[in-house]
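This is what each chain is made of:
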Amino acid sequence: MPTRQELQAALSPFGLVLRGGWRPTADEVLPSLPSSPSSPSSPSGQAPAVVWMVGVAGSGFWPLFKASAFFQDGLPDPLDRWSRHVGEALAQRWGGLALFPFGPPPYHPFQTWAARAEPLQASPLMLRMHATYGLWHAYRFALALPSIATADLAQSSPPEATVATDNTRTIPTDICVACDGQPCLAACPVQAFSQGGFQLQACVNHVHQPAGQACHQNGCQSRQACPQGTPYRYHREHQQFHMQAFLASHPPVPTGMGPV
Ligand code: B12
């Protein structure tokens, strides 16, 4: 099995970052691993021993993704297809399974998993706050592997470690609580975060209009306003890419239009 260092070495050529790992408890239901053709004696349906979280921090991966055939072929969902390509190749190399944050619901609970792999906090924007990266990070896949390298045993989260629950979303965090004035909340032109949740349609409708040009061109104004992790703020082109994808999957809906 790869050590933590070997995993990071395999991810670096793609600009991806190993965000940490966690060990599922015996009673957790996770997809079972494929049987390995190279060791047919290994039982199929084996539960993963470790789940490694793989993601991005800042725009480091962007030039590498942009240079890939997936970005250039003009087909839909290039970043998801690139992530599948990289994740599935690595999973196959180590007899594991790649799990993805995207795809149809039900979603894998990536934010909950991520909080078991590294220190993260809730934020008013739904995104997880990282002490170094701020809000400028995300996940591309998780690698569920059949065993864990002995060298990593002492470092990985024990099974009983921080299992985040839904309560985490309402617990105020140190970073955001200490943040003077919480400029993220004031920066949203349609106060999409002000009512204790994310007003998705208010956001979508605004960004589709000419008045939403700033969000459209520069990315979410609230995320931009966050003073944490600014060296990792995504490049403009990277932000535009995510916003375009968001708008493509969320058409505007006239307000006040009820069910017909
Ligand atoms: C559905 C979804 C959305 C929906 C949310 C709809 C809704 N009203 O809930 C929409 C389309 C709006 C969305 C938008 C974006 N998303 Co999104 N989204 C997801 C997705 C696919 C599923 C979330 C889910 O339902 N999980 C199911 C539950 C069971 O899992 P969970 O781990 O318990 O997660 C929940 C809680 O942690 C909760 N939560 C955590 N903190 C807080 C705080 C508050 C106040 C609240 C209300 C909830 C909340 O949010 C999760 C959903 O309920 C995840 C990927 C994933 N598989 O997790 C990405 C994900 C959460 N999104 C992500 C991102 C980056 C974005 C965007 C910035 C993308 C963009 N366009 O640039 C925007 C940001 C919107 C914004 N400004 O808040 C990242 C977050 C990374 C991070 N730093 O935490 C994720 C993890 C995807 C990734 N590849 O990394 N997203």
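Residues numbered from 1 in each chain as written. Predicted model: local features only at pLDDT ≥ 70, side-chain atom pairs only at ≥ 80, totals over all residues. Heavy atoms only, no water.

**Observations regarding the overall build of the protein**
Here comes step 1: Check the secondary structure of the protein and you find 12 helices and 4 strands.
Here comes step 2: Per-residue burial for the protein yields a buried fraction of 41% across its 260 residues.
Here comes step 3: In the protein, the proportion of contacts linking residues at least 24 apart, taken out of those at least 6 apart, comes to 72%.
Here comes step 4: Summing over all exposed atoms, the protein offers an accessible surface of approximately 13700 Å²; the carbon and sulfur share of this is 58%. (Helix = DSSP H or I, 4+ residues; strand = E, 2+ residues; numbered from the N terminus. Buried < 20%, exposed > 50% of the residue type's maximum accessible area, 1.4 Å probe, protein only. Contact = heavy atoms within 4.5 Å. Areas by Shrake-Rupley, 256 points an atom, 1.4 Å probe, with all protein chains shown as cover.)

**Considerations on unusual backbone geometry**
Here comes step 1: Backbone torsion omega between Pro105 and Pro106 reads 0°, so that peptide bond is classified as cis.
Here comes step 2: Counting through the fold element by element, Pro106 comes out in the loop between strand E3 (97–99) and helix H5 (110–117).
Here comes step 3: Phi angles above zero are rare outside glycine, and Met126 is one such case at about 80°.
Here comes step 4: Within the fold, Met126 resides in the loop between H5 and strand E4 (137–145).

**Things to note about the packing of helix H9 (residues 200–208) against helix H12 (residues 236–249)**
Here comes step 1: With their axes 10 Å apart at the nearest point, H9 and H12 run at an angle of 110° to one another. Overall, the two elements H9 and H12 adopt an arrangement that is roughly perpendicular. Our pair here, H9 against H12, has a crossing hand that is left-handed. Across the interface between the two elements, Leu200, Cys203, Val204, Val207 and His208 of H9 pack against Met243, Phe246 and Leu247 of H12. (Axes fitted to C-alpha atoms, helices over the stretch in contact; angles between N-to-C directions. Parallel < 35°, antiparallel > 145°, perpendicular 65-115°, else oblique. Left-handed = near helix turned anticlockwise from the far one by under 90°.)

**Notes on the site of the ligand**
Here comes step 1: Among the 25 residues in the neighbourhood of the ligand, the closest are listed as His108, Thr112, Leu125, Arg128 and Tyr139.
Here comes step 2: A distance of 3.3 Å separates an oxygen atom of the ligand from a polar atom in the backbone of Phe110.
Here comes step 3: Met126 is positioned such that a nitrogen or oxygen atom in its backbone is 3.2 Å from a nitrogen atom of the ligand.
Here comes step 4: At the level of secondary structure, the elements contributing two or more residues to the shell around the ligand comprise H5, E4 and H12.
Here comes step 5: Looking at the shell around the ligand, the element that brings in the most residues is E4, giving 4 residues.
Here comes step 6: By residue class, the composition of the shell around the ligand is 14 nonpolar, 7 polar and 4 charged. (Near = heavy atom within 4 Å. Polar contact = N/O pair within 3.5 Å; in protein donor to acceptor, adjacent residues only side chain to side chain. Nonpolar A, V, L, I, M, F, W, Y, C, P; charged D, E, K, R; others polar.)

**Brief notes about the sheet that holds E3**
Here comes step 1: Spatially, the 4 strands line up as an open sheet ordered E1-E2-E4-E3, and their pairing is antiparallel. The open sheet has two edge strands, strand E1 (17–22) and E3, and neither has a second partner. Across the sheet, the mean angle separating the axes of adjacent strands is 25° when strand polarity is ignored.
Here comes step 2: In the sheet, E1 pairs with strand E2 (residues 50–57) via 5 bridges, with the strands oriented antiparallel. Within the sheet, the bridge partner assigned to Leu18 lies in E2 and is Val54.
Here comes step 3: Packed onto the sheet, helix H1 (residues 4–11) meets E1, E2 and E4 and runs at close to 145° relative to E1. (Pairing = 2+ DSSP bridges.)

**Examining the pattern of salt bridges**
Any two side chains of opposite charge can pair, so long as their charged atoms come close to each other.
Here comes step 1: Applying the stated criterion to the full structure yields 7 salt bridges.
Here comes step 2: Here Asp152 ties to Arg4 by a salt bridge, and the two come within 3.9 Å at their closest N and O atoms. Residue Asp152 is located in helix H6 (residues 150–153), and its partner Arg4 is located in helix H1; the two are separated by 148 residues in the primary sequence.
Here comes step 3: Its relative accessible area of 24% is what places Arg4 among the partly exposed residues. (Salt bridge = Lys/Arg side-chain N within 4 Å of Asp/Glu carboxyl O.)

**Remarks on the confidence of the model for the protein**
Here comes step 1: Per-residue pLDDT for the protein has a mean of 88; in total, 87% of the residues score no lower than 70.
Here comes step 2: In this model, residues 158–172 is a region of pLDDT below 50 whose contacts with residues beyond four sequence positions or in other chains number 14 contacts. (pLDDT = per-residue confidence, 0-100.)

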